[in-house]
Amino acid sequence: WNPGTISSPCLILLCIPNLSLLFSLKTYSCDGSLTSGLPAASFQSSSHFSESRAAYFAKLNRRDGGGGWSPQLTDKSPWFQLDLRVRMEVTAVATQGRYGSHDWVSAYMLLYSDTGRVWKQYRHEDSVGRLVGNSNSDTVVHHKLSQSIRTRFLRFVPVEWNSSGRVGLRVEAYGCAYKSYVADFDGRSSLLYRFNQKSMSTVKDVISLRFKSRQAEGVLLHGEGQRGDYITLELHRGRLALHLNLDDTRVRASSGRMVVTLGSLLDDQHWHSVLIERFNKQVNFTLDRHTQHFRAKGDGDSLDVDYELSFGGIPLPGKPGTFLRRNFHGCVENLYYNGVNIIDLAKRRKPQIYSVGNVTFSCSEPQLVAATFLSSSSSFLSLPAPAPTLEGLSVRLQFRTWNPDGLLLSTRMVSEEEPCYLLLQISSGRLRLTHHTSDLKTSEVSTGQRVNDGLWHLVSVSTRGLQVTMTLDNEPASSIQLEDYLEPRDNYYFGGCPVAQNGSSCINPTMAFQGCMRLILINNQPTDFMLVQQGVMGSWNQLQFDICGIQDRCLPSFCENGGRCTQTWSSFHCDCAGTGYSGATCHNSVYESSCEAYRLAGSSSGDFSIDPDGSGPLGPIQVYCNMTESKVWTVVHHNSTSQARVRGSTLEKPYNMHFDYGASPEQLRMLVAQSEYCQQKITYQCRKSRLFNTWDGAPLSWWLDRSGERRTYWGGVLPGVQQCACSLEENCIDLNYFCNCDADRDSWENDTGFLSYKEDLPVSGIAIGDTSRLNSEAVYSVGPLECSGDRGTATRQRGFLGCIRALDVNGVSFDLDERAKMTPGVSSGCPGHCSSSAGFCHNRGKCIEKSSGYVCDCTHSAYGGPSCKEEVSVSFEKGSSVTYTFQEPFSVMQNRTAQVSSASSVYSKSRDNMALSFLTTQSPAMLLTINTFSQQYVAIILARNGSLQIWYRLHKERRPSVFSPVLTNLADGELHRLRLHREGKDVYVQVYNKKYSLSYDTEFNSMRSLTLGKVTAGNDALDEEVAQAGSKGFVGCFSSVQYNHIAPLKAALLNRGSSLVSIRGHLLESNCGALADLSTSKSRLGVFGDEALSSVSTVIFITLCVVAVMAHFLYQHRQVRRTASIQEKDHRHSLEAAYRAELHLNNSMRDSMKEYYI
């Protein structure tokens, strides 16, 4: 192999503008299952609910055991993890819920790691980090990763889950084996690739590698030549910089240098991919998924490198172009230079490679575990204070953040029994240490500048004697002189203070810290974050362990038109000062788009700045607006509008003049395109100076269009015709010629006219070539560009201002709220129908926005109908019952999507909400009973005398609590409504708004079932009086029964045959609830006296007429609504199938309404 040549495969690669195109042409399968052969130990989790729901049962489509993984209810940070045993290339993931249950994850984060420590979050190309999960327990949801990840460990972190169940998960990962050649550099080592000749000169280069760095500085690649050429790839302040110089010694030192920077936060200990492609001066520089295309400066096309290329550092600095930079500290894999596998050669100890220092061929993995402080108001980490030492107190930590303010450390000390505090905080980007004894007595020192730059900073605080010292990075120490010795008193609080704290052990004069911390040492003892997370030591709130979740929101920058991007932990800001633009991203021009727009705004003639492309990338132009009575003219002057005299020019050496309009060609082109008409006057006065050769018609003078092309038609003539205006007007002084000047007379003649072909304007230059003969001369002038009319194209329109909701593309609903958090100039919370105070959905119905209205989801309501107001009633005969099972046997219903937060996802076992209406003449009677697997129960019965009794037995060893809120006979054939709410020991009964207290406070454990009517099983666990009522059952009508989120009557009517609902006896759908309401209304009519009878009769007659008309209208409306309901049905896959009949699109009531955002 000859290093001075490029092999054929490389030639093929370099002919392609981007190497990624070649990779896309490569056909290979990388979508195989990665979990099929994994042992049980590869499936890991933060906790598991039971042995049958352990992590190993979480394989996709697995049904044995508990049908998947579920964590403990007390696990506040649940996660599920796959260990693929070796690094693999992962291209897709898939999830399911727990088989046959209500347990599924509706949204999750995907983390990955090489070691099971130091995790990184996978993000979509639009930076959204949440992946959409499942809407039921069995459907498989696939996610193809926009870019494959090479990793050994995958972690699934649930973010949202079904409110009717718990976290439930089954997973699969897809991909293929990944082979890599790895080298580890310790910060003092490097690899030298030596050529077999003195110099290597290339016009084409392809360099590719992947790196993982432990520090923000370090050289990855360097090569240089004696003539001044060099190439350097290095990390600088966590960003990747490519320095390229193709010049030789004849060129000034700075003229050919090119520095291009990509990325940030690259010292995150995760892999990053680099690709450099160069052909002559054209360079493609790619980092991960971002590519920068640029053209190298200088006269040279080749890169001349002497002797060698170095990787990982510069072993012999001091040559021309060498930078005094640190060596790289981290791992590099798959390093290729023009098709040569550098690491493979080094590993096989080939003579082309020389190793400097200690280069090893496996990647060492430091355990730098970080914690992310998520909230600027409530995050904190509390660690116990160690025993005092003779050396005094010392605290050391590393942090990185974007926020200019935040508390790093607060601890209470004692000085001669007087409490005081040591505070370490970031204040306006500086680090401040404060010794606080009282509001009137503080001592403080500050150090550093812009420590909120996103980089890791090392800070230490120590006390020795009567001095407190603070040190930041490599800066000089700053000290506070004390009056008395300090001793630690309470815990050390990092990041913030608890919202509720005993006494005043922590104070915070600023915001809580938002950012990352690692390597916390107290008195030289390291803090184990894993023990903190497990609750073994300390306490914390709003923290994420083993991951640094910092993001660079300014990369890529969303600030347009030169706006400067600044950021905090959760947002960014564009400084538009001096750009001529405004808005969240400097997108909206502060200037009008045309002179016509200024006239409409009331302006008169004068100089203005206009922005023809509005919010586009082109800047404003300085123009003069001439506002006449008939037209508005936009006038753009150039640098030579006065007359100019020309003598002594020839065709071989013509006179040339170029015109500068103070604007770029693109700006001028846009101005002309947005105008209806443009013109430019060109005047040519001549004496014995021709425009065209009289023998062959060849042009002797010409002008240049806006693209620099020669044009030989003159004022008043269309393109393609070598003539002047006089030929069209048929008044040339010599009719044998088409221009007056071509008559070649000794007198002064004139060819003047307007150029008006827009595609050629403005005139960029003029050339005159026939003024060298005796008495030959010319005088010319080119006027300013003048345009009129405003085409008002869409490219000049401003961005949309208003609300967008319910976005659905090709049947896929987009999470606009999540994307709004990541998109500049967009905020979440667009008001719609559901935000109205009108309350369109009742009785726990949930309002769901639709593109043309709203839908009431009555899934969690005991009511039905368009607005969840129609009562669901069922008549029970003797011996009838309905039993709803909370756990096994599992439901076979189709599940629904639940948009819930994790806070509401775990059912509170110490809280009950019940509501039911009943009508009966039987007593005793069993209304409702709920039992658990641990022999707990609650029962609502009618006693022998018809009075209402509520029984709570929450401990089988103790007597039950019995309440009798109504002592009168309720078995009177009337409808009675009952609501009950339990909060811990307190029971509220909303019949007569009475409050009762249980004799002890406990919780329901392992809910089993709920029964309406006769109890046929489990009577042995019931008390005698309750068991007697249970054996009698219930005869009558139930209506609108609700227990927490369960509506058992609806489940019985809509899910017959389901294992979730068990029905005994004969049930008949009824309307007793609605009839009872009518009966109540009827009874109220009886209060009128006889004197009002005739009036009442009249009213009844009119009412009956109206009812007849309304009945006809409602019948037609019902048919229309039924049709609309059928059409809408196909679009409701996210709602539970059993309740689809409950959902009605409320279009009719909104037909005449329009929605505006002002």
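What you see is a predicted model, and the numbers here were worked out from it, not measured in a lab.

1. Notes on the overall build of the chain
Part 1 of the argument: Secondary structure assignment for the chain yields 12 helices and 74 strands.
Part 2 of the argument: Within the chain, buried positions represent 50% of all 1158 residues.
Part 3 of the argument: Counted over contacts in the chain with a minimum sequence separation of 6, partners at least 24 positions apart contribute 70%.
Part 4 of the argument: Summing over all exposed atoms, the chain offers an accessible surface of approximately 55000 Å²; the carbon and sulfur share of this is 50%.

2. Describing the side chain of Asp83
Part 1 of the argument: Its place among the elements puts Asp83 in strand β3 (residues 80-96).
Part 2 of the argument: A polar contact is formed between the side chain of Asp83 and the backbone nitrogen of Arg85, at a distance of 2.9 Å.
Part 3 of the argument: There is a polar contact of 2.8 Å between the side chain of Asp83 and the side chain of Arg152.
Part 4 of the argument: Those residues in contact with Asp83 that sit more than four places away from it in its chain are Leu38, Ser42, Gln44, Arg152 and Phe153.

3. Observations regarding the state of the cysteines
Part 1 of the argument: Evaluated as defined, the whole model comprises 15 disulfides.
Part 2 of the argument: Through a disulfide, Cys858 is tied to Cys868; the S-S separation comes to 2.0 Å. Torsion about the S-S bond of the Cys858 and Cys868 cystine: about -95 degrees, corresponding to left-handed handedness. Taken together, the residues span a long stretch of sequence, with Cys858 in the loop between β58 (853-857) and β59 (863-864) and Cys868 in the loop between β59 and β60 (870-871) at a distance of 10 residues. The burial state of Cys858 is the same as that of Cys868; both residues are buried.

4. A closer look at the sheet that holds strand β47 (residues 655-658)
Part 1 of the argument: Spatially, 4 strands are ordered β47-β52-β49-β50 in an open sheet, and the strand pairing comes out antiparallel. Across the chains shown, the open sheet's two edge strands, defined by having one partner strand only, are β47 and β50 (710-711).
Part 2 of the argument: Alignment of strand β49 (residues 701-704) against strand β52 (residues 765-768), held across 4 bridges, turns out to be antiparallel. Residue Trp703 lies in a different strand from β52, and its bridge partner there is Ile766.

5. Structural notes on the confidence of the model for the chain
Reading predicted coordinates in detail is not appropriate for stretches of low pLDDT.
Part 1 of the argument: Considering every residue of the chain, the mean pLDDT works out to 83; 83% of them sit at 70 or more.
Part 2 of the argument: Segment residues 1-26 is flagged for pLDDT under 50; beyond a separation of four residues in sequence, or across chains, it makes 35 contacts in the model.
Part 3 of the argument: Between residues 250-256, whose pLDDT stays under 50, and residues either more than four places distant or in other chains, the model counts 11 contacts.

6. Things to note about the packing of aromatic side chains
Part 1 of the argument: In this structure the tally under the stated criterion is 25 aromatic pairs.
Part 2 of the argument: When the ring of Phe840 is compared with that of Tyr854, the centres are 4.9 Å apart and the planes differ by 25 degrees; the resulting orientation is stacked. Here Phe840, found in the loop between α8 (816-820) and β57 (846-850), pairs with Tyr854, found in strand β58; they are 14 residues apart in sequence, far enough to count as distant.
Part 3 of the argument: Judged by relative accessible area, Phe840 falls into the buried class, the value being 15%.
Part 4 of the argument: Taken together through their ring pairs, the aromatic side chains of Phe43, Tyr56, Phe57, Trp69, Phe80, Tyr108 and Phe156 make up a single cluster.
Part 5 of the argument: Positioned above the aromatic ring of Trp540, the side-chain terminus of Lys76 is 4.1 Å from the ring centre.
Part 6 of the argument: The ring centre of Trp702 lies 3.8 Å from the NZ or CZ of Arg710, which sits over that ring.

7. Examining the environment of Arg706
Part 1 of the argument: Within the element layout of this structure, Arg706 appears in the loop between β49 and β50.
Part 2 of the argument: The sequence separation of Arg706 and Ser764 amounts to 58 residues, and the corresponding C-alpha distance is 5.3 Å.
Part 3 of the argument: Other than its neighbours up to four places away in sequence, Arg706 contacts Arg669, Val672, Lys758, Glu759, Asp760, Leu761, Pro762 and Ser764.

8. Side note on the pairing of strand β24 (residues 370-373)
Part 1 of the argument: Side chains of β24 alternate between two faces, with Ala370 and Thr372 and Ala371 and Phe373 buried alike.
Part 2 of the argument: With 3 bridges joining them, β24 and strand β38 (residues 543-545) adopt antiparallel strand pairing. For Ala371, the partnering residue across the bridge sits in β38 and is Phe545.

9. Focus on helix α9 (residues 1024-1032)
Part 1 of the argument: What α9 keeps buried is the set Val1026, Ala1027, Ala1029 and Gly1030. Looking straight down α9, one finds that the buried residues subtend no more than 160 degrees of arc, so they occupy a single side. Counted as exposed and oriented over 90 degrees from the buried face of α9: Glu1024 and Lys1032.
Part 2 of the argument: Considering only its buried residues, α9 is in contact with β64 (925-932), β65 (937-942) and β66 (948-953).
Part 3 of the argument: In the stretch just after α9, Gly1033 is the one whose phi turns positive, near 75 degrees.

10. Focus on a nonpolar patch on the surface
Part 1 of the argument: On the surface, a cluster of nonpolar side chains totalling about 400 Å² of accessible area is made up of Ile804, Leu807, Val809, Val812 and Phe814.
Part 2 of the argument: Following the sequence through the fold, Leu807 ends up in the loop between β54 (785-788) and β55 (808-809).

11. Observations concerning the pattern of salt bridges
Part 1 of the argument: In the structure shown here, the tally under the stated rule is 37 salt bridges.
Part 2 of the argument: Between Lys120 and Asp268 there is a salt bridge; the shortest N-O distance is 3.3 Å. Taken as a pair, Lys120 in strand β5 (residues 120-121) and Asp268 in the loop between β15 (257-262) and β16 (272-279) lie far apart in primary sequence, 148 residues in all.
Part 3 of the argument: With relative accessibility at 23%, the residue Lys120 sits in the partly exposed group.
Part 4 of the argument: Assessed through its relative accessible area of 19%, Asp268 is described here as buried.
Part 5 of the argument: A salt bridge links Arg711 to Asp760, with the nearest nitrogen and oxygen atoms 3.5 Å apart. Taken together, the positions of Arg711 in strand β50 and Asp760 in the loop between β51 (749-755) and β52 put the pair 49 residues apart, joining distant regions of the chain.
Part 6 of the argument: Asp760 sits in the buried class, given a relative accessible area of 4%.
Part 7 of the argument: Counted as one network, the salt bridges with shared partners bring together Arg87, Asp114, Arg210, Lys212, Glu333 and Glu365.

12. Things to note about helix α6 (residues 665-673)
Part 1 of the argument: Inspection of α6 places Gln667, Leu668, Leu671 and Val672 among the buried residues, and these make up the whole buried set. In a view along the axis of α6, the buried residues occupy a sector of 135 degrees, so they form one face of it.
Part 2 of the argument: Buried residues along α6 sit against β43 (606-610), β44 (621-627), β45 (632-636), β48 (677-687) and β54.

Reading the values: rules and limits
- Residues numbered from 1 in each chain as written.
- Predicted model: local features only at pLDDT ≥ 70, side-chain atom pairs only at ≥ 80, totals over all residues.
- Heavy atoms only, no water.
- Helix = DSSP H or I, 4+ residues; strand = E, 2+ residues; numbered from the N terminus.
- Buried < 20%, exposed > 50% of the residue type's maximum accessible area, 1.4 Å probe, protein only.
- Contact = heavy atoms within 4.5 Å.
- Areas by Shrake-Rupley, 256 points an atom, 1.4 Å probe, with all protein chains shown as cover.
- Polar contact = N/O pair within 3.5 Å; in protein donor to acceptor, adjacent residues only side chain to side chain.
- Disulfide = S-S within 2.5 Å.
- Pairing = 2+ DSSP bridges.
- pLDDT = per-residue confidence, 0-100.
- Phe/Tyr/Trp six-rings, centres within 6.5 Å; stacked < 30°, edge-to-face > 60°.
- Lys NZ or Arg CZ within 6 Å of the ring centre and 35° of its normal.
- Arc of directions from axis to C-beta.
- Patch = residues over 30% accessible without salt bridge, like charges linked within 9 Å, V, L, I, M, F, W, Y side chains within 5 Å.
- Salt bridge = Lys/Arg side-chain N within 4 Å of Asp/Glu carboxyl O.

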